Amino acid sequence: MRTELIAANWKMNLRRDTAVDLARAVRHAAEGGAKKREVLLAPPAPYLGPVREALVGSAILLAGQDVSAHEDGAFTGELSAEMLLDEGCRFSIIGHSERREHGGESDELIGRKVRRAFDVGLGAILCVGEKEDERLRGHERKVVERQLRAALENVQKEEADRLLTVAYEPVWAIGTGRTATPKDAAVMHRFIRDWVGGRFGAATAEAIRILYGGSVKPSNAADLLQSPEIDGALVGGASLKADSFSAILSA
Ligand code: PGA
């Protein structure tokens, strides 16, 4: 049985005070909630410390929003996997479509980031998903398969079992208010799970969590999360307000 994970991607938002206030409010909601779900926050990197302090003693997980493919060295502006571990992160988001799009990240680079994270025991929330024109041409499976293959090329089964979470995030649904229907999302989640099964075996496919992301909000969270194929959510915009994120946690 997979435990659902509700992950907040705060992106480049909030300030130290508002980030800490929001972390406290999420903690309050998560600890009071009836649902047995894991909760994860991915704050902007400078606020990892203050947010971690606000979460001391709670079960809420911390994550980076990105990680470098490199070890220490002359890589101005980058954050290494070890730094994220030092700051209390168990995971990093890797391959988010905004990094693919605005940061020009290739499938190959994302594969190296996953490799680097796993080398030091940092978990990955690996984001995959097709763009609108790719879906209109019926290429969504082809695109997601290419992304999975490149990202997980050098990953062993034991690492996938221990460290991998996948997030299916159709690019046309991110920040647009448009969401994949639970049925469409479930079809893609099944496809991803089958692919993982082919690559790592049936037990890994059964155990791995596949989150849905793309305009998840209080009004659609329950419908999405009730699908047995959907093991949680990666939430952007609606994670920035305590009331909307709390409503998703209890959806
Ligand atoms: P959104 O973002 O919920 O604002 O669509 C999701 C994401 O980018 O992970």
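Going by the structure above, here's the rest.
Heads up: these notes are all about the structure in this document. Computed from a predicted model, the values in this text were never measured in an experiment.

On to the side chain of Glu-134, then. Position of Glu-134 relative to the elements: it lies in helix α6 (residues 132-136). Look at Glu-134: it is buried, it has no salt bridge, and the nearest opposite charge is Arg-146 at 4.9 Å. With sequence-adjacent residues up to four places away left out, Glu-134 is seen in contact with His-139, Glu-140 and Val-143.

Let us look at the pairing of strand β8 (residues 232-235). Every second residue of β8 is oriented toward a common face, with Gly-232 and Leu-234 on one face and Ala-233 and Val-235 on the other, all of them buried. Bridging between strand β7 (residues 209-213) and β8 involves two bridges; their strand directions are parallel. What sits directly across from Gly-213, in β8, is Leu-234. The parallel pair β7 and β8 is bridged by helix α11 (residues 218-225), and the resulting crossover is right-handed.

A separate point is the nonpolar core. In this structure, Leu-41 and Leu-152 are the most contacted members of the largest nonpolar core, which totals 67 residues. The element best represented in this core is helix α9 (residues 182-200), accounting for seven residues. Aside from chain neighbours lying at most four places away, what touches Leu-152 is Val-114, Leu-126, Leu-164, Trp-195, Arg-199 and Phe-200. If you look at the next biggest cluster of nonpolar residues, it comprises 13 residues, including Ala-7, Ala-63, Cys-127 and Ala-167.

It is worth spelling out the pairing of strand β1 (residues 5-9) at this point. In regular strands, side chains alternate between the two faces of the sheet. Most of β1 is tucked away, with five of its five residues classed as buried. Across the two faces of β1 the burial is the same, with Leu-5, Ala-7 and Asn-9 and Ile-6 and Ala-8 all buried. As paired elements, β1 and strand β2 (residues 38-42) share five bridges and run parallel to each other. The partner of Asn-9 across the bridge, within β2, is Ala-42. You can see the chain leave β1, run along helix α1 (residues 16-32) and come back into β2, and the turn it takes is right-handed. Direction of pairing for β1 relative to β8: parallel, over a ladder of four bridges. Bridge assignment links Ala-7 to a residue of β8, and that residue is Leu-234.

Moving on, we get to the packing of aromatic side chains. On inspection of all chains with the given rule, the structure shows one aromatic pair. Ring geometry for Tyr-168 and Tyr-212: centres 6.4 Å apart, planes at 55°, overall tilted. One end of the pair, Tyr-168, is in strand β6 (residues 164-168); the other, Tyr-212, is in strand β7, with 44 residues separating them in the sequence. Assigned by exposure class, Tyr-168 and Tyr-212 land together as buried.

Parameters and conventions
- Residues numbered from 1 in each chain as written.
- Predicted model: local features only at pLDDT ≥ 70, side-chain atom pairs only at ≥ 80, totals over all residues.
- Heavy atoms only, no water.
- Helix = DSSP H or I, 4+ residues; strand = E, 2+ residues; numbered from the N terminus.
- Buried < 20%, exposed > 50% of the residue type's maximum accessible area, 1.4 Å probe, protein only.
- Lys, Arg positive; Asp, Glu negative; His and termini not counted.
- Salt bridge = Lys/Arg side-chain N within 4 Å of Asp/Glu carboxyl O.
- Contact = heavy atoms within 4.5 Å.
- Pairing = 2+ DSSP bridges.
- Right-handed = clockwise from strand over helix to strand, strands pointing away.
- Core = buried A, V, L, I, M, F, W, Y, C linked by side-chain atoms within 4.5 Å.
- Phe/Tyr/Trp six-rings, centres within 6.5 Å; stacked < 30°, edge-to-face > 60°.

On their own, these measurements won't tell you what the molecule is for.
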